[in-house]
Amino acid sequence: MTTENAPSRGTRPGQPAPAPGEFAMRFTSTPRGARLARRLVSHRLAAWGYPYDSGPNETTTLIASELAANAVRHGRVPGRDFHVRLTAPLGGDASGTIRIEVSDTRTEKRPALIAAAPDAETGRGLYLVSRLAERWAVGPRSGGGPGKTVWAEIATEAKPSGPGSGPGPLQRPQG
């Protein structure tokens, strides 16, 4: 099911339209579903005024990619989808918060931030999320359904820069 600014084919009759700047969709718990989730998050942000090459779009897309990959790899239950919900201020406002939520149906496997070995090929996803997001956490799935939701918030406002401080992760210098 997809929900956006106005009712669409995937919105059931009688369902209220979501608030502007909200996108939600279920994806198959496959690598293809994770890839589609990442691409749609980036596309939706661009449509809302956060260009593809902007810091908020790149950061949110990377976090969405990591959370969706984790939902597929560690939160997969055969026959069950994962769910992505994205909210953002419209128009690429100078200040505000983008929130990305990824829910899966696996309750017993909760993500944990671990230190990956230098030569490890996996294990750095949540570390990236923790470094790029203003805040992130894991909690019960909304609506009382089975599983969990991992969410992250990304500030859209420019952080004050001081001596020796460059642009933050995935932020482009202005000028």
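The notes below deal with the structure included here.

The rules behind these values
- Residues numbered from 1 in each chain as written.
- Predicted model: local features only at pLDDT ≥ 70, side-chain atom pairs only at ≥ 80, totals over all residues.
- Heavy atoms only, no water.
- Helix = DSSP H or I, 4+ residues; strand = E, 2+ residues; numbered from the N terminus.
- Buried < 20%, exposed > 50% of the residue type's maximum accessible area, 1.4 Å probe, protein only.
- Contact = heavy atoms within 4.5 Å.
- Areas by Shrake-Rupley, 256 points an atom, 1.4 Å probe, with all protein chains shown as cover.
- Salt bridge = Lys/Arg side-chain N within 4 Å of Asp/Glu carboxyl O.
- Polar contact = N/O pair within 3.5 Å; in protein donor to acceptor, adjacent residues only side chain to side chain.
- Expected span 1.5 Å × (residues − 1).
- Axes fitted to C-alpha atoms, helices over the stretch in contact; angles between N-to-C directions.
- Parallel < 35°, antiparallel > 145°, perpendicular 65-115°, else oblique.
- Left-handed = near helix turned anticlockwise from the far one by under 90°.
- Nonpolar A, V, L, I, M, F, W, Y, C, P; charged D, E, K, R; others polar.

Some thoughts on the overall build of the protein chain
Next up, step 1: Counting its regular elements, the protein chain contains 3 helices and 6 strands.
Next up, step 2: Counting from the amino terminus, helix and strand elements in the protein chain follow one another as β-β-α-α-β-β-α-β-β.
Next up, step 3: Put simply, the protein chain has 175 residues, and 37% of those count as buried.
Next up, step 4: Taking the contacts inside the protein chain whose residues are at least 6 apart along the sequence as the reference set, 60% of them involve residues at least 24 apart.
Next up, step 5: Here the protein chain has roughly 10100 Å² of accessible surface; of this, 53% comes from carbon and sulfur atoms.

Thoughts on the pattern of salt bridges
Next up, step 1: Within the structure shown, the criterion is met by 6 salt bridges.
Next up, step 2: In this structure, the salt-bridge partner of E101 is R85, at a minimum N-O distance of 3.1 Å. Taken together, the positions of E101 in strand β4 (residues 97-104) and R85 in strand β3 (residues 82-87) put the pair 16 residues apart, joining distant regions of the chain.
Next up, step 3: Relative accessible area serves as the criterion here: at 26%, R85 is assigned to the partly exposed category.
Next up, step 4: Here the salt bridges share partners, and the residues they tie into one network are E22, R85, R99, E101, R135 and E153.

Observations concerning the side chain of S42
Next up, step 1: Structurally, S42 can be placed in helix α1 (residues 31-47).
Next up, step 2: Residue S42 is classed as buried on the basis of its relative accessible area, which comes to 11%.
Next up, step 3: Of note is the side chain of S42, whose polar atom sits 3.0 Å from the side chain of N57.
Next up, step 4: Setting aside residues no more than four positions away along its own chain, S42 makes contact with Y52, N57 and T61.

Some remarks on α1
Since one α-helical turn is 3.6 residues long, residues separated by three or four positions face the same way.
Next up, step 1: Compared with the 24 Å implied by 1.5 Å per residue over 17 residues, the 24 Å span of α1 between its first and last C-alpha is a close match.
Next up, step 2: Looking at α1, one finds that the buried residues are G33, A34, A37, V41, S42, R44 and L45.
Next up, step 3: Among the structural elements, β2 (22-27), α2 (55-73), β3 and β4 are those in contact with the buried residues of α1.
Next up, step 4: One or two steps after α1, the chain reaches G49, where phi turns positive at roughly 105 degrees.

Some details on the environment of K109
Next up, step 1: Assignment of secondary structure puts K109 in the loop between β4 and α3 (125-132).
Next up, step 2: Under the relative-accessibility criterion, K109 is labelled partly exposed at 36%.
Next up, step 3: On a C-alpha basis, the gap between K109 and G147 in space is 8.9 Å, while along the polypeptide they are 38 residues apart.
Next up, step 4: K109 has contacts with H74 and K148, leaving out every residue within four places of it along the chain.

Focus: the packing of α1 against α2
Next up, step 1: At their nearest, the axes of α1 and α2 sit 9 Å apart, and the two run at 160 degrees to each other. Of the possible angle classes, the one that applies to α1 and α2 is roughly antiparallel. Along this stretch, α1 crosses α2, giving a crossing that reads as right-handed. Two secondary-structure elements touch here, α1 through P31, A34, A37, R38, V41, S42, L45 and A46 and α2 through P56, N57, T60, T61, A64, S65, A68, A69 and V72.
Next up, step 2: Classifying every residue of the contact of α1 with α2 by side-chain character gives 11 nonpolar, 5 polar and 1 charged.

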